[in-house]
Amino acid sequence: MDGVTPILDACPVRRAAQTNRLAGGGGIDRSRPLDFRFDGRDYQGYAGDTLASALLANGVRLLGRSYKYGRPRGIVSAGPEEPGALVTLGSGAALEPNIRPTMVPLRQGLEAFAQLSPAGTGPDPLGWIADRFSRFLPPGFYYKTFSWPRRLWPLYERMLRKAASSAPVPEQRDANRYEHRYMHCDVLVVGGGPAGLAAALAAGRAGASVVLADENAELGGALIDEPDTPAGRAARAWVAAMVGELDSLPEVETLKRTSVVAFHDHNYLIAVEERGDSMVPPPAQRLLKIRAREVVLATGAVERPLVFPDNDRPGVMLAGAVRTYLNRYAVMPGQTMVVFTNNDTAYRTALEAAGAGARVTVVDIRPQPRGALVRRARAAGIGVLPGHAVTAVRGRRAVRGVEIRALADDGRGVGAAAMELPCSVVAMSGGWIPSVQLFSQSGGRLRFRPDVGAHVPGEPPTLNRSRPAGACNGSFTLSACVAEGLAAGQAAAGQAEAGVGSGAEIPHPPPPGTDDEEEPALFLPHVPGPLPGPLPGKSFVDLQSDVTVADIVLAEREGYGAVEHLKRYTALGMGADQGRTSALNGLAVLAGQRGVGIGALGHTTFRPNLKPVRFGAIAGPHLGPSFTPQRRTPMHPWHEANGAVFEDTGTWIRPFCFPNPGETAEQAVRREARAARTGVGLLDASTLGKIEVQGPDAEEFLDRMYVTTRRGLAVGRCRYGMMLNENGVVFDDGVTTRLAPDHFLLSTNSSGAARVLRWLEEWLQTEWPDLDVFCTCVTEQWANATLVGPLARDLLRQVTDIDLDPARFPFMSMRQGTVAGLPARVFRIAYSGDLSFEINVPARHGLALWESLVRAGETFGLTPYGTEAMHLLRAEKGFIVVGQDTDGTVTPVDLGQGVPAATARDFVGKRSLFRADMLRDDRKQLVGLLTADPSLVLPVGTHLTDTPRPVPPVPTLGFVTTGHFSPAVGRSIALALVAGGRGRLGETVTAYRRDGGPHPVTIVPPCFYDPDGERRHA
Amino acid sequence: MLVIRCPWCSERDQTEFSYHGEAHIARPATPMDRTDEQWGDYLFFRSNTRGPHRERWLHAAGCRRWFNLLRDTATGRILAVYRPDEPPPAATAG
Ligand SMILES: [Zn+2]
């Protein structure tokens, strides 16, 4: 049976046996054969083929299986709307899943694979079962079947994932290269058919800068599908003349294989340009970001499938696509063809297929078709069955025939009598669906036109400027398309105020003989059954999401009769094709079921993007080092040359530690920290944020921004302080130094300078514009080498002219002078808690300063240290890092800074500290923790509880924010935020480690080393 | 994505700007005199307008200056741009 045999065993094909290729004609180059592989077999096609046309030429019908029912699927269309078979291209790093074979130009050595469900080329158990037992997979089956019992959900989820992944997930990094391009133009024309060509030329002639984007490899739209007849040749000549003149205009750029996928506010459109292997080295795709003053939407129309039983069998194709394969690719998909239609256009397919030697029968839903094309078909001897419908398709993996029945006059049922017609292709046409997605995205309203049977553009958008023209506007004749395109192009150019040229004359007359007078179509939601019962078989509305008429009927009955509900309940239109061919048929079935017109239902939202866009294209070149700026200090070359291990801190790359040969990072950190406590260490602190604040009102301004007053700070003195946001939450902390009466230097967190500068500017510009103050970020203007430890003064004395006597250069002050002959500002600030000198020199001298200090330090055992030792030293002192030891809830009161006096001066965030919730004593407060096992280091994020044997749910007391092993204290230490922690000093609580279970810890004050702070004053 | 006319730099893409909520929220002159409820109103409560909305923007990747837009939140249409020292224009729908 089908379900237990490999899917691609249909008639073995010898390599290069293009059994369905016509002897002559078409736009392919027979002198350039191309070898390609599909699912492990070798084939040959020609230059100019798509993968789809080459497969059809080789008689390959079955391309994969559908995702829900595992049904065999083949090629349905010839274009971007392909709802049938998606394939996987390439393998390894070049693997690309979910590719429409209709959009892949054939190239030598191309390798493609069928996509199966579930993955694998062997038997197809779940899909096979699903097709036969589909009553167990009703719409919404995810929610219904698998929701209970809850404990089994993981099992269901695994099953569903396996069944639903129709494509392999690439396991290697995408080897393709992607680019971004920004474009600006007066007029963007989307679509290069007759309307788009006319619009682009009209706008271009008027002097506008024009971008014309078309998703096909060739411009001309439907005209390039015309047969090799005088009229067809005239059509192609017209296209060539239009393209030729467009190419001659310097302000017109034409982009082929470019899909516009999104229309955003203020005429900002996103497009994806397929570059393929046309460039060396090739960017696979370019993401285009286009800002256009005016947009002409000439997006055309796609053919509407008919809905009848087993209309998904490989060989059931859109009639227009059959024409495309015949005329553009010289491929006859099958020698016996049933054309099933509700309108006149499919008769062209019948005529041209018969002309190419096929045996053709037309089955027309309409009781009395009499249009010009119908008369021509009859005159050509083609059998026409009016008032009939296809009621069954024979064959499972490929069409073998159809069953035909007469339709009752009102279209509500079919007769009991059936006849069988053998055929290998069903070419169906249910009319044409204007591609209105971009117009809708632009903010335009749609209206339903019963004569078209579809939505067309209505009220234009107010925010954006988009003009529909041609088939997407519901105008299908060539003359109307050209006229509308011309008018839209001229109007857009005029609106864009780009030029004064009139462009009024028709650029080239449209070719004759392509417009036949047509009779109206007859729309049926789906082929009905013989009254009163339904027909056997599944009538598919959406091939990609496997949604049938029965699914929609059931969903409506269960109360999901609103279009957005129906979509989510059945997954209608949620496939990779975004419902381009299925959404309207779904609405028609729903409208029929509800007994209302389609226009009364509305339509689902056409969200961006209209087709899947690769993450690679979205990321573009912004990968690895190009993802975000990487900042290095002036001393970086020395760190690199001396074996530093680096870490990223924000955008800075800083030394984590400097391991000696044979030393682990942990050993290095302990050695570095010990040196800074007992000898002298050297830290590159250049990343520290630095902002200069200057002006007559600088003191007043800073007084309003910091918790601690800046008033009265003497020139040359420093003061620590916290900055709050208006909610009272600590936002940054740092030291303010007064350089002059009206001139201050603030230090900020290493990653916080930009944020703080913006914060200061916000208050100055929006709240207190009367203050005469200027702020400038000088972080990168100054390098900072910090000497730390009891020997720091002795070392610095060797290289400076500054008086280092502690009486004249006390703690929390700044002196200017020279260090190693370089102009320097030296600060006595102690983030380590020990004697410390922060030496700032202009950035260009940073490396020289560092190297001088290292040379001078040789006799002192000077030890460079990194960020990890720096954090360990500050943790021993209980100094916080804002953002690590605090989060978006922590106030200075929580950190033990005390409640400010209510009557004293105001500062930003002060009032919030007095809100009732901010004064509660069970708020999380900063404390220290000592583990029962002194060697155990608590990971950051470890939660604390009151009880060692918890039964869920367990309230958390708080969590660890910093944890280290401290060589100076001789044991592990931690900082934590603990509810009411300051009132629980000495108590033992339980730490729950992610690995390792509960561990008792004692709450202590958040300072483990030199609690009286005497060493820093040394 | 909007095109925004910075009063100092002219038209730029929205990516150069950052949005900072409703404009003209007056900070109480004497915060400590406010009740918790009054202070909460100032901190947290905004008008959530559907229609013309006065809002603050910063030309963050440009001149780094703050200014105000009158923007229709229902349509995305920008009705007016004005500097912090200019009087707010009348809010008429667009
Ligand atoms: Zn600006």
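In the annotation of an unreviewed UniProt entry, chain B is listed under the name Sarcosine oxidase subunit delta and assigned to Azospirillum lipoferum.

Under an unreviewed UniProt entry, the name given to chain A is Sarcosine oxidase subunit alpha family protein, and the organism recorded is Azospirillum lipoferum. Entered under Sequence similarities (unreviewed entry) in the UniProt record, the comment concerning chain A runs "Belongs to the GcvT family."

Student: Before we go on, may I ask you to explain the confidence of the model for chain A in this structure?
Tutor: Low pLDDT marks regions whose predicted coordinates should not be analysed in detail. All names here are of chain A. Predicted confidence across chain A gives a mean pLDDT of 90, with 90% of residues reaching 70 or more. Confidence drops under pLDDT 50 across residues 1–14; counting only partners more than four residues distant or on other chains, this segment forms 28 contacts. Note on residues 498–503: pLDDT under 50 across the span, and 11 contacts to partners over four residues away in sequence or across chains.

Student: When you look at the pattern of salt bridges in this model, what are you seeing that I'm missing?
Tutor: Pairs can form between side chains of opposite charge whenever their charged atoms are close. All names here are of chain A. Enumeration according to the criterion identifies 61 salt bridges over all chains in this entry. Across the pair arginine 738 and glutamate 699 runs a salt bridge, and its minimum N-O distance is 2.8 Å. Highlighted residues: arginine 738 in strand β34 (residues 730–740) and glutamate 699 in helix α18 (residues 698–705), separated in sequence by 39 residues. Residue classification places arginine 738 among the buried residues on the basis of a relative accessible area of 8%. Arginine 704 is the salt-bridge partner of glutamate 700, the closest N and O atoms lying 2.7 Å from each other. You can see glutamate 700 and its partner arginine 704 sitting in helix α18, four residues apart, about one turn around the helix. Under the relative-accessibility criterion, glutamate 700 is labelled partly exposed at 26%.

Student: Explain helix α7 (residues 319–329) of chain A to me, please; I cannot follow it from the model alone.
Tutor: Counting along an α-helix, one turn takes 3.6 residues, and residues three or four places apart therefore face a common direction. All names here are of chain A. Of all 11 residues that make up α7, 11 are buried, and the element is covered over most of its length. Inspection of α7 places Ala319, Gly320, Ala321, Val322, Arg323, Thr324, Tyr325, Leu326, Asn327, Arg328 and Tyr329 among the buried residues, and these make up the whole buried set. The secondary structure elements touched by the buried residues of α7 are α1 (51–57), β14 (301–303), β15 (316–318), β16 (336–341), α8 (346–355) and β22 (425–429).

Student: Where do I start with the UniProt feature "domain: SoxA A3" (unreviewed entry) in chain A in this structure?
Tutor: In the UniProt entry, the feature "domain: SoxA A3" (unreviewed entry) is given for residues 537–620 of chain A. Structurally, residues 537–620 of chain A comprises 40% helix and 6% strand, and the distance from its first C-alpha atom to its last is 46 Å.

Student: Sorry if this is basic, but what is going on with the coordination of the zinc ion here?
Tutor: Note on metal sites: the ideal angle is 109.5 degrees for four tetrahedral donors, and 90 or 180 degrees for six octahedral donors. Residues and elements named next belong to chain B. Around the zinc ion, the protein supplies Cys6 (SG), Cys9 (SG), His59 (ND1) and Cys63 (SG) as donor atoms, at distances of 2.0 to 2.3 Å. For the zinc ion, the four donor atoms are set out with angles of 104 to 116° between them, so the coordination reads as tetrahedral. Positions of the donor residues of the zinc ion along the chain correspond to the pattern C-x2-C-x49-H-x3-C. Note that cysteine 9 is positioned in the loop between β1 (3–6) and β2 (10–13) and cysteine 63 in the loop between β4 (52–58) and β5 (66–72), a separation of 54 residues in sequence. Overall, cysteine 63 belongs to the partly exposed group, its relative accessible area being 26%.

Student: How do you make sense of the interface of chain B and chain A when you look at a structure like this?
Tutor: How large an interface is tends to be reported as the accessible area lost when its parts come together. Counting residues at the interface gives 25 residues for chain B and 29 residues for chain A. Summed over both sides, the interface between chain B and chain A buries roughly 2500 Å², with carbon and sulfur atoms accounting for 51% of that surface. For chain B, the biggest contributors to the area lost against chain A are B:Met1, B:Arg27 and B:Met32; these three give 28% of the whole. Taken together, the links from chain B to chain A amount to five salt bridges. Between A:Arg291 and B:Asp13 there is a salt bridge whose closest N-O contact spans 2.5 Å. The tally of links from chain B across to chain A stands at 17 residue pairs in polar contact (both at pLDDT 80 or more). At the level of secondary structure, the elements contributing two or more residues to the side of chain B that touches chain A comprise α1 (36–44) and β4 of chain B. Looking at the side of chain B that touches chain A element by element, the count peaks at five residues for α1(B).

Student: Could you clarify how one ought to interpret helix α22 (residues 867–877) of chain A in this entry?
Tutor: Residues and elements named next belong to chain A. Within α22, 10 of the 11 residues are buried, which leaves the element mostly enclosed by the surrounding structure. Among the residues of α22, those classed as buried are Thr867, Ala869, Met870, His871, Leu872, Leu873, Arg874, Ala875, Glu876 and Lys877. Downstream of α22 by one or two residues, glycine 878 has phi in the positive range, about 75°.

Student: Teacher, can you tell me more about the nonpolar core here?
Tutor: Side chains of nonpolar character tend, in soluble globular proteins, to be buried together. Residue and element names in this part refer to chain A. Membership of the largest hydrophobic core comes to 81 residues, with the highest contact counts inside it found for Phe38, Leu51, Phe308, Tyr325, Met337, Phe340 and Val402. Taken domain by domain, this core gets at least three of its residues from each of domain 1 (1–172) and domain 3 (305–430 + 518–537). Each residue touching valine 402, except ones within four places of it in the same chain, is listed here: Val338, Val390, Ala392, Val393, Arg394, Met419, Glu420, Leu421, Cys423 and Val426. Counting residues in hydrophobic clusters, the runner-up holds 34 residues, among them Ala198, Ala200, Ala202 and Ala208.

Student: What should I look at first to understand unusual backbone geometry in this one?
Tutor: A negative phi angle characterises most non-glycine residues, just as the trans form characterises most peptide bonds. Of note, the amide linkage connecting A:Pro608 to A:Asn609 takes the cis form, showing an omega dihedral of -5°. Mapped onto the elements of the fold, A:Asn609 is located in the loop between α14 (583–594) and α15 (615–619). Notably, A:Met812 is not glycine yet its phi reads approximately 60°, a positive angle. With a phi close to 60°, B:Arg64 is a non-glycine residue in the positive phi region. Its place among the elements puts B:Arg64 in the loop between β4 and β5.

Student: Help me understand the domain arrangement of chain A in this model?
Tutor: Assigned domains of chain A: these are domain 1 (1–172), domain 2 (178–302 + 433–496), domain 3 (305–430 + 518–537), domain 4 (539–616) and domain 5 (920–1004). The C-alpha-based centres of domain 2 of chain A and domain 5 of chain A are spaced at 64 Å.

Student: Sorry, what's going on with the side chain of A:Thr324 here?
Tutor: Residues and elements named next belong to chain A. Here threonine 324 shows up in helix α7. One polar contact links threonine 324 to aspartate 225, side chain to side chain, over a distance of 2.8 Å. In this view, threonine 324 contacts Ala78, Asp225 and Tyr329; residues no more than four positions away in its chain are not counted.

Student: Is there a simple way to think about the confidence of the model for chain B in this case?
Tutor: The pLDDT averaged across chain B works out to 93; a share of 97% of its residues lies at or above 70. On the interface metric, ipTM, the complex scores 0.97, and its pTM is 0.88.

Student: Just checking my understanding: could you explain the state of the cysteines for this structure?
Tutor: The term disulfide refers to a covalent linkage connecting the sulfur atoms of a pair of cysteines. Residue and element names in this part refer to chain A. The final tally for this structure, using the stated rule, is zero disulfides over all chains. Take cysteine 185: it sits in no disulfide, and the sulfur closest to it among the cysteines is that of cysteine 472, at 17 Å. On the basis of relative accessible area, cysteine 185 is assigned to the buried category, the value being 6%.

Student: What is the right way to read the environment of A:Val788 from this model?
Tutor: All names here are of chain A. Relative to the helices and strands, valine 788 is located in strand β37 (residues 782–788). On a C-alpha basis, the gap between valine 788 and serine 966 in space is 17 Å, while along the polypeptide they are 178 residues apart. Beyond its immediate chain neighbours, meaning those up to four positions away, valine 788 contacts Ala676, Gly679, Val680, Gly681, Ser832, Asp834, Leu835, Ser836 and Tyr865.

Student: It is not clear to me how the sheet that holds strand β47 (residues 997–1004) of chain A should be interpreted in this structure. Could you clarify?
Tutor: Strands pair in a sheet through their backbones, by hydrogen bonds, and they do so in one of two ways: parallel or antiparallel. Residues and elements named next belong to chain A. Pairing is antiparallel in the closed barrel, where six strands are placed in the order β42-β45-β44-β43-β46-β47. Ignoring which end each strand starts from, the neighbouring axes of this sheet average 45° apart. Note that strand β42 (residues 924–931) and β47 share four bridges and pair antiparallel. If you follow glycine 928 over to β47, its bridge partner there is valine 1004. Across the sheet, α22 lies against β44 (958–966) and β45 (971–979), angled at about 110° from β44, the strand it touches most.

Student: Before we go on, may I ask you to explain the pairing of β5(B) in this structure?
Tutor: Each regular strand shows side chains that alternate between the opposite faces of the sheet. Residues and elements named next belong to chain B. Of all seven residues that make up β5, seven are buried, and the element is covered over most of its length. Side chains of β5 alternate between two faces, with Trp66, Asn68, Leu70 and Asp72 and Phe67, Leu69 and Arg71 buried alike. Direction of pairing for β4 relative to β5: antiparallel, over a ladder of seven bridges. What sits directly across from glutamate 55, in β5, is leucine 69. Relative to strand β6 (residues 78–82), β5 runs antiparallel, the two being bridged by four bridges. When the sheet's bridge partners are listed, leucine 70 is paired in β6 with alanine 80. What sits between β5 and β6 in their antiparallel hairpin is a turn of five residues, with glycine 76 showing a positive phi close to 80°.

Student: What should I look at first to understand the packing of α7(A) against α8(A) in this one?
Tutor: The relative placement of two packed helices comes down to the angle between their axes together with the axis-to-axis distance. Residues and elements named next belong to chain A. Axis separation between α7 and α8 bottoms out at 8 Å; the angle between their running directions is 35°. As α7 runs across α8, the sense of the crossing is left-handed. Contacts between α7 and α8 involve Ala319, Gly320, Val322, Arg323, Leu326 and Asn327 from the first element and Ala346, Arg348, Thr349, Glu352 and Ala353 from the second. Here the residues of the contact of α7 with α8 are counted per class, giving five nonpolar, three polar and three charged.

Definitions and cut-offs
The written sequence of each chain sets the order in which its residues are numbered from 1. The lettering of chains begins at A and the numbering of ligands begins at 1, in the order of writing. In keeping with the predicted nature of the model, local features appear solely for residues at pLDDT of at least 70, side-chain atom pairs appear and are counted solely at 80 or more, and the whole-chain, interface and lining totals rest on all residues. Excluding hydrogens and water, the side-chain values take into account all heavy atoms of the structure. UniProt positions are given in the numbering used here, feature names are shortened, and annotations may be inferred rather than shown by experiment. By definition, pLDDT measures how confident the predictor is in each residue, and it falls between 0 and 100. Residue contacts are defined here by distance: any two heavy atoms, one from each residue, within 4.5 Å place the two residues in contact. Basic side-chain nitrogens of Lys or Arg form a salt bridge, by our definition, when they fall within 4 Å of a carboxyl oxygen of Asp or Glu. Working definition: helices are DSSP H or I runs of at least four residues, strands are E runs of at least two. Numbering for both runs from the N terminus. Classification of residues uses two cut-offs on accessible area relative to the type maximum, computed with a 1.4 Å probe and protein chains only: under 20% is buried, over 50% is exposed, and between them is partly exposed. Sites may look incomplete, because water is not among the atoms used; the donor set itself consists of N, O and S atoms within 2.8 Å of the metal (3.2 Å for Na, K and Ca). Angle rules define the geometry names used: all angles between 85 and 135 degrees makes four donors tetrahedral, while opposite donors over 155 degrees apart and all other angles between 65 and 115 make four donors square planar and six octahedral, leaving every other case irregular. Two parts placed together each lose some accessible area under a 1.4 Å probe, and adding up what both lose gives the buried area. Whenever two N or O atoms come within 3.5 Å, that pair is a polar contact, provided that in protein one can donate a hydrogen and the other can accept it, and provided that, for residues adjacent in sequence, both atoms are side-chain atoms. Here the nonpolar core consists of buried residues drawn from Ala, Val, Leu, Ile, Met, Phe, Trp, Tyr and Cys, with membership extended through side-chain atoms lying within 4.5 Å. Domain start and stop positions are those given by an automatic or database domain assignment. Only a pair of cysteine sulfur atoms within 2.5 Å counts as a disulfide in this structure description. Strand pairing is assigned whenever DSSP identifies at least 2 bridges connecting the two strands. All axes are obtained by fitting lines to C-alpha atoms, using only the stretch in contact for helices, and the reported angles, taken between N-to-C directions, cover 0 to 180 degrees. By definition, any crossing whose near helix is turned counterclockwise from its far helix by less than a right angle is left-handed, and any crossing with a clockwise turn is right-handed. Residues were grouped as follows: Ala, Val, Leu, Ile, Met, Phe, Trp, Tyr, Cys and Pro as nonpolar; Asp, Glu, Lys and Arg as charged; and all remaining residues, including Gly, as polar.

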